[in-house]
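# Structural description and commentary
Spelled out from the first residue to the last, the chains are:
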Amino acid sequence: MSLSPDDLDAIWLTLRLATTVTLLLLILATPIAWWLAKTDSWLKVPIGALVALPLVLPPTVLGFYLLVLMGPNGSIGEFTKALGLGTLPFTFSGLVIASMIYSLPFVVQPIQNAIQSIGDRPIEVAATLGAGPVDRFFSVVLPLAKPGFVTATILGFAHTVGEFGIVLMIGGSIPKETRVVSIQIYDHVEALQYGNAHFLAAIMLGFSFIVLLGLYGFQRKRSGEGLHYGR
Amino acid sequence: MKLYSILFASILGIFVSFTTLAESAHLAVAANFRQCMLALVTELEKESNHRYVLSFGSSGKFYGQILHGAPFDMFFSADVAKPIAVSEAGLGVSKSRFTYAIGRLALLSSAKKSALALEQTLITGAFNKVSIANPKFAPYGIASLEVLDHLKRLEESKSKWVLGENIAQAYQFVDSGNADLGFVALSQVMLEQKYAGSFWLIPDSWHLPIQQQAIILNKAKNNPAALALINFIHSNKGKNILTSYGYLIAENNSV
Amino acid sequence: MVDEPSDIEQQIINARFQLMLTNKINGSFALDVEFSVPSEGVTAIFGESGSGKTTLLRCIAGLQKSNPAFLSFNGEVWQDRAIFKATHRRSIGYVFQEPSLFEHLTVMGNLSYAIKRASNKLNNTFYSQVIDVMGINDLLGQGTNQLSGGEKQRVAIARALLLQPKLLLMDEPLASLDVKRKLEILPYLEKLRASFGIPVFYVTHSVDEIMRLADRVIILEAGKLVNQGNVSELFSNINFPVQSRDDIGIVLDCNILEVDEQWQLMKVAFNGGQLWLPKRRDELSNSQCRLRILASDISVTLEAQRDTSILNQLPAEVIETVPEETWATTLLKVKTGDTILLARITNKSLSQLALSSGKKVWIQVKSAAIIR
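Residues numbered from 1 in each chain as written. Chains lettered and ligands numbered in written order. Predicted model: local features only at pLDDT ≥ 70, side-chain atom pairs only at ≥ 80, totals over all residues.

## Observations regarding the environment of Tyr186(A)
Residue and element names in this part refer to chain A. Tracing the chain through its elements places Tyr186 in helix H10 (residues 181–190). Since 23 C-beta atoms lie within 10 Å of it, Tyr186 is described here as buried. Sequence spacing of Tyr186 and Leu168 is 18 residues, and the spatial spacing of their C-alpha atoms is 9.4 Å. (Helix = DSSP H or I, 4+ residues; strand = E, 2+ residues; numbered from the N terminus. Buried ≥ 20, exposed ≤ 12 C-beta atoms within 10 Å, placed from the backbone.)

This is how it looks when you write it as structure tokens:
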């Protein structure tokens, strides 16, 4: 059994989606994680809960809301139309945004934990050594929180690769646009093409195992603490 | 063939009426047949002591589950191929396989339009997206492509397809406003009395009949509840219910 | 360039901080402090734990927001109603209580961190001097986790110095170290004081460290400034709250006049007389030293003694007598020249010699410790 061109398209699309989502999430999640780690505001709890929501919400629920909200009659849809971007369902951009929402806690929480475990002291030390806020972030926070950023990157990437429910709801199974590996597997199964499904599923299984193996290995080397992406 | 099947059911039915035992049957039912099956079973349960447990979902998934020993008594598929496959795998009573309904296709629009206008929209391509149940496995999807082919719009509409994993999702894409048009089952739109948009019943001759077949699984070979249900579907009362939910009655009840 | 008089007048640090900290565990703490000190030498900030020493230091560094607040350094306003210079814009070095090296950098990396961000380009002589004075040349290539607590603190001090700050802030730099390590670092701090003409605020609750390092002291109690002055003035104040009975004594800053190599003695002058002392290290004439004379090491006579082994006799006048209630003793405050000394005598002697304020006496200094 070998991979069909459709399967290869799905794999390539999935990698492209996961990479895009992970990079954008690192940029978006870092300030959120920073704020959550540092603030004393009463908003910390509700915002933290909001960020963690995708952890407990069934992806289909999230997908359904996004389908409605990003549709032409939804608030997000009206906004994107006003910007001249059209509507987001059935597009790669739509998947990127949906996946970012879905994978947000997996990226925010490791970074938040890492920043919390650094504490204020190294940042204060850097300030007394003449480092401004941006300088402090890159010269102290980033290197000290590196394990958290690595964990966040791996989890964000792997979680996006493994995502199914949301893509099912808003994707429309369009080749090279929204038909990612998990959807392709589902389609194979529905079409009773169990052989193809097995083959792709085995690839996913192997990929996920290797990713987690790498993550555990990395964390063991760093601290021997094991996996801790939640709180 | 038809005669044989009815005879088979009747004999068992007589046997059942003698015992007068209340039996139950667990049915795996294709999602598109949900409302209709509920109506059938509700009516039947009034008339008999039989009880029915219903599971709804995609035919493909049920097939996979039956293959791996799921404890269903009957399988109401959305197509013909899967009950045949069940039968060939030796998991079903091959003689019990029959077409319980023929699905009808409708074109749904989120906008209020006349049937003629909907047909024109589809032909002229004046729409953003058209949602279709995935033709790779969904019978309504296959029929949808046949309709597009009939209209000579198969290739040029391809870039506007968004595929639902079933007709329920094809419906949802239109309902949420994300697709202007969608191929759905008539049974779905007939339920939505208050629907703000509009639909057009596509002529049945534009696509091959969407035959939905059922089969009794080995476990229920002698289950009176299953036989009672088959008999009920063939009764006038049952046929009326099927028609009212947007299905056609198979002229020839078995294949 | 000629210094204008106003520049000289401005060699001063003015500070006023008021703040209220509320903490779920400790309740609330209020700091309300105002002081003005010359920007030279070592100013110790002294007080018990919880008195607000560290908070005050953090205010000076800009690590702790305080409102209202005022802070000026040599005429340059760092903080007032409208201005708040962020920590990284204040020309300070800060040494934290626990050694706070960056774990992700080597010793050299930690030093480079400061060098790169220093206000002035690094001068090689200065660099060598810092490395030398702190004695960390052998540590440069090591990772921070290979160092002992004392070594880490020396690197942290060197790092703060290499920033070439105008003001050095040290928060109990010895507090996290055991006695052995403290003794190991103190000489480096004394050298630091002697080698770099940089004003230092030094938070401590150790009298010993004050005597060895400080020129002046600010004393805090429950967030309020309760006393302030030169070290010698403070120690001659009997009410100086920090001394246990056995430790009561004064501190004298002296000039070494001459060194007698034959008898291994040296002659020092203070503001009120001269003393002969055993030479301890390689003291040089014309240099400074600080003496510690305990009250129990001074005795009093009415006449000058001739046949005595005691080298140092000075005329003095009794200023005050303070009975020590639970003991059969009295502390005498005596004045010689401009300097006040403390002597402890028994109540019996007090009565026999009929000592009271205004009485002219001779004091005999039995021993004096050179503490600096």
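## Considering the pairing of strand E17 (residues 329–336) of chain C
Residue and element names in this part refer to chain C. Relative to E17, strand E16 (residues 312–324) runs antiparallel, the two sharing 7 bridges. For Val322, the partnering residue across the bridge sits in E17 and is Leu331. Pairing of E17 with strand E18 (residues 339–346), which is carried by 8 bridges, proceeds in the antiparallel orientation. Counterpart to Thr329 in the pairing with E18 is Thr346. Counted along the chain from E17 to the antiparallel partner E18, the turn is 2 residues long, and its residue Gly337 has a positive phi close to 60°. (Pairing = 2+ DSSP bridges.)

## Considering the arrangement of the chains
For this structure, the chain pair with the highest number of contacts among 2 pairs of chains in contact is chains A and B. Taking C-alpha atoms as the reference, chain B and chain C come no closer than 50 Å and do not contact one another. (Contact = placed C-beta atoms within 7 Å.)

## Some words on the environment of Asp338(C)
Topologically, Asp338(C) is positioned in the loop between E17 and E18. For the pair Asp338(C) and Asp282(C), spaced 56 residues apart in sequence, the C-alpha to C-alpha distance is 29 Å.

## Some thoughts on the domain arrangement of chain C
Residue and element names in this part refer to chain C. Splitting chain C by domain gives domain 1 (5–235) and domain 2 (249–370). In terms of residue count, the dominant contributor to the side of domain 1 that touches domain 2 is helix H8 (residues 231–235) (3 residues). Across the side of domain 1 that touches domain 2, the residue classes tally to 3 nonpolar, 1 polar and no charged. (Domains from an automatic or database assignment. Nonpolar A, V, L, I, M, F, W, Y, C, P; charged D, E, K, R; others polar.)

## What about the interface of chain C and chain A?
Interfaces are often described in size by the accessible area the parts lose on coming together. Chain C puts 17 residues into the contact, and the matching count from chain A is 13 residues. Elements with a minimum of two residues in the side of chain C that touches chain A: strand E6 (92–95) and helix H3 (107–117) of chain C. Looking at the side of chain C that touches chain A residue by residue, the classes come out as 10 nonpolar, 5 polar and 2 charged.

## A few points about the interface of chain A and chain B
Counting from both sides, the interface comprises 18 residues of chain A and, opposite them, 15 residues of chain B. Sort the elements by how many residues they give to the side of chain A that touches chain B and H10(A) lands first, with 4 residues. Counted by class, the side of chain A that touches chain B contains 11 nonpolar, 5 polar and 2 charged residues.

## Describing the nonpolar core
Among the nonpolar cores identified, the biggest contains 151 residues, and Ile111(A), Ile45(C), Leu169(C), Tyr202(C), Leu341(C), Ala343(C) and Ile363(C) are the most heavily contacted of them. When residues of this core are assigned to their parent elements, the largest contribution, 11 residues, is made by helix H5 (residues 92–118) of chain A. The contact partners of Ile363(C), leaving out residues within four places of it in the chain, are Ile298(C), Val300(C), Leu314(C), Ala316(C), Val334(C), Thr336(C), Leu341(C) and Ala343(C). Formed by 42 residues, the second largest nonpolar core is a distinct cluster that contains Ile66(B), Phe98(B), Ile215(B) and Tyr247(B). (Core = buried A, V, L, I, M, F, W, Y, C linked by C-beta atoms within 7 Å.)

## Regarding the packing of helix H2 (residues 44–56) of chain A against H5(A)
All names here are of chain A. It is at 7 Å that the axes of H2 and H5 come closest, and there the two elements cross at 110°. One way to sum up the angle between H2 and H5 is to call them roughly perpendicular. In the packing of H2 onto H5, the handedness of the crossing is left-handed. Here H2 contributes Val51, Ala52, Pro54 and Leu55 to the contact with H5, which in turn contributes Ile101, Tyr102, Leu104, Pro105 and Val108. Classifying every residue of the contact of H2 with H5 by side-chain character gives 9 nonpolar, no polar and no charged. (Axes fitted to C-alpha atoms, helices over the stretch in contact; angles between N-to-C directions. Parallel < 35°, antiparallel > 145°, perpendicular 65-115°, else oblique. Left-handed = near helix turned anticlockwise from the far one by under 90°.)

## With respect to the sheet that holds strand E9 (residues 198–201) of chain B
Residue and element names in this part refer to chain B. Strand order across the open sheet formed by 5 strands is E7-E6-E8-E5-E9, with mixed pairing between neighbours. Each edge of the sheet is formed by a strand with only one pairing partner; in this case those strands are strand E7 (161–164) and E9. Going from strand to strand, the sheet's axes swing by 30° on average, the running direction of each strand aside. Against the sheet, helix H5 (residues 115–124) contacts strand E5 (105–109), strand E8 (181–185) and E9, and its axis sits at roughly 80° relative to E9. Docked against the sheet, helix H6 (residues 139–150) engages E5, strand E6 (130–133) and E8, running at close to 130° with respect to E6.

## Focus on the sheet that holds strand E3 (residues 74–76) of chain B
Residues and elements named next belong to chain B. The 5 strands are arranged E2-E1-E3-E10-E4 in an open sheet whose pairing can be described as mixed. A strand with exactly one partner marks an edge of an open sheet, and here the two such strands are strand E2 (51–57) and strand E4 (98–103). On average, adjacent strands in this sheet sit at an angle of 20° to one another, irrespective of strand direction. Relative to E3, strand E1 (residues 24–30) is paired through 3 bridges, and the arrangement is parallel. Residue pairing across strands places Leu27 opposite Met74, the latter belonging to E3.

## Some thoughts on the pairing of E8(B)
All names here are of chain B. Within E8, 5 of the 5 residues are buried, which leaves the element mostly enclosed by the surrounding structure. Judged by which residues are buried, E8 turns out to be covered on both faces: Leu181, Phe183 and Ala185 on one side and Gly182 and Val184 on the other are all buried. Inspection of the sheet shows E5 paired to E8 by 5 bridges, in the antiparallel sense. Opposite Leu107, over in E8, you have Phe183 as the bridge partner. In the sheet, E6 pairs with E8 via 2 bridges, with the strands oriented parallel. Note that in E8 the partner of Ser131 across the bridge is Gly182.

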